[in-house]
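# Per-entry structural report
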Amino acid sequence: MDITAELDEMRKAIRGCSLVAFTDLTSKLVLSTSAAAAPMQEEMNALSEAAGLALDGAFAEGAAPVWGGEEPAELAILMTGEDARLFLRSQANPAEALVCVCGATTDLSEAAEAARATLDRIVSAG
Amino acid sequence: MSEFARLEATLAKLRQKERAPGEGRALRGSDPDALLAALVTEIDETILPRRLSFALPDGDVHLAVANRRLQALLGPAPKRVPSELVDHALPDVEDPMVTMLGETLKSMMAEAGEVPVRSMRSKKGFASDIGVPAMQLARAWSIAEPVERSPSETLQTFLDGINEPTAGWLRIEGEEVTAQGGAEGAATALGEQAAIFLDGYFGKFDVAFREPALSCGTLIAAASSDKHAIFFIEIGELSAFVTAPGNKILAIATDWQKLVAS
């Protein structure tokens, strides 16, 4: 499977999406990226760090009591008035996740649904 | 003891820490008039006693603000500030110093681009009747339309719009829970959950939000869509902690997004 092609397809399908990355949460490594403009390494590092924080780190740990704490965070979104960064963990392989940088008006439900479908395809093929 | 005692104690402890430079509020405007209007908006959003510091090209200007009123310009002040303005308590809008202060700030903003803002607990107390309300300042300083929709209005519009019966929310101003909504009896649990979440949130805020932003929203959900998820938002000095089932929380976050998207 061509992972970059999957990410490209997802990025183009979501209005306002500028970057999609497939990342390993454990190693904090970005494994594959699709971006409208080549991202700086600094930006990718910051996204990896934010993904770890939101899905495994202090944010996730602080949120877990709300749902009983038996399962890890699956979805996290960090949003401002200017953008929304969506992080989605794979259910099949909890160490892998998709990162999606969207515009401020991107439909979040649509983005989450597209990310879930893309991630499932990538992980099940891998 | 208040049902939110633990949450409020956590907030008091955390807010005492000055956020690192990434805290990130800044006045933005294309000219001095727009920057002055943004400063008035900042005053209008400040309810608890605060020392607001504005990093202008001539040096930092510190204002004492409480209850949406400007109380005084505090020392130390840049040399360009007339000495009679420094630490002069402003009793009301009729005080001639009000006009002088507006002119001084505007002239100091002439060379400014973005003006970083810091907010600290105020150590200097003023009598409660001291201060000029933001709207009167706007008129005195000839600011046409200083406020489109204040953070307070934005937040209230959002909270009023949550009609999901299984959702619960707390509205937080500074260190106090000022309103709550949702299922009866859920408020105490919400307070506990918010205290736990905010402990981690404030500690790592700068990792999540590196760029200055007027508002920040954080959604965290588990895979089980029937289990509750959280949505925490900050706008100005106001915040809200919202919980709802995972299959409802995205719609709630989308409503917030529509209100703040620029």
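Residues numbered from 1 in each chain as written. Chains lettered and ligands numbered in written order. Predicted model: local features only at pLDDT ≥ 70, side-chain atom pairs only at ≥ 80, totals over all residues. Heavy atoms only, no water.

On to the sheet that holds strand S7 (residues 168-173) of chain B. Read from one edge of the open sheet, 10 strands run S2(A)-S1(A)-S5(A)-S4(A)-S3(A)-S9(B)-S10(B)-S11(B)-S7(B)-S8(B), paired in antiparallel fashion. The sheet terminates laterally at strand S2 (29-35) of chain A together with strand S8 (176-182) of chain B, the two strands that pair on one side only. For this sheet, the mean angle separating the axes of adjacent strands, direction not counted, is 15°. The sheet contact formed by strand S3 (residues 73-80) of chain A and strand S9 (residues 215-222) of chain B spans 7 bridges and is antiparallel. (Pairing = 2+ DSSP bridges. Helix = DSSP H or I, 4+ residues; strand = E, 2+ residues; numbered from the N terminus. Axes fitted to C-alpha atoms, helices over the stretch in contact; angles between N-to-C directions.)

All names here are of chain B. Inspection of the entire model under this criterion finds 11 aromatic pairs over all chains. Taking 5.3 Å as the distance between ring centres and 35° as the angle between the ring planes, the aromatic pair formed by phenylalanine 205 and phenylalanine 209 counts as tilted. The exposure class of phenylalanine 209 is buried, given its relative accessible area of 2%. (Phe/Tyr/Trp six-rings, centres within 6.5 Å; stacked < 30°, edge-to-face > 60°. Buried < 20%, exposed > 50% of the residue type's maximum accessible area, 1.4 Å probe, protein only.)

What follows concerns the pattern of salt bridges. Residue and element names in this part refer to chain A. Counted according to the given criterion, the structure contains 14 salt bridges over all chains. Linking glutamate 6 and arginine 121 is a salt bridge whose minimum nitrogen-to-oxygen distance equals 2.9 Å. Remark: arginine 121 occurs in helix H4 (residues 108-125) and glutamate 6 occurs in helix H1 (residues 3-13); sequence separation between them is 115 residues. Owing to a relative accessible area of 13%, glutamate 6 belongs among the buried residues under this scheme. (Salt bridge = Lys/Arg side-chain N within 4 Å of Asp/Glu carboxyl O.)

Below, the discussion takes up the domain arrangement of chain B. Residues and elements named next belong to chain B. Partitioning chain B into domains gives domain 1 (5-15 + 150-260) and domain 2 (31-140). Using only C-alpha atoms to locate each centre, domain 1 and domain 2 end up separated by 30 Å. When the two sides are added together, the surface that domain 1 and domain 2 hide from each other amounts to roughly 810 Å², 46% of it contributed by carbon and sulfur. Counting across the domain 1 and domain 2 interface gives 3 salt bridges. Note that arginine 50 is salt-bridged to glutamate 175, the shortest N-O span being 3.3 Å. The interface formed by domain 1 and domain 2 includes 4 residue pairs in polar contact (both at pLDDT 80 or more). (Domains from an automatic or database assignment. Buried area = accessible area lost by both parts, 1.4 Å probe. Polar contact = N/O pair within 3.5 Å; in protein donor to acceptor, adjacent residues only side chain to side chain.)

Our next topic: the pairing of strand S10 (residues 228-235) of chain B. Residue and element names in this part refer to chain B. Across the 8 residues of S10, 7 count as buried, placing the element largely inside the fold. Between the end of S9 and the start of S10, which pair antiparallel, lie 5 residues. Hairpin connection from S10 to strand S11 (residues 238-245): 2 residues lie between these consecutive antiparallel strands, with glycine 236 at a positive phi of about 60°.

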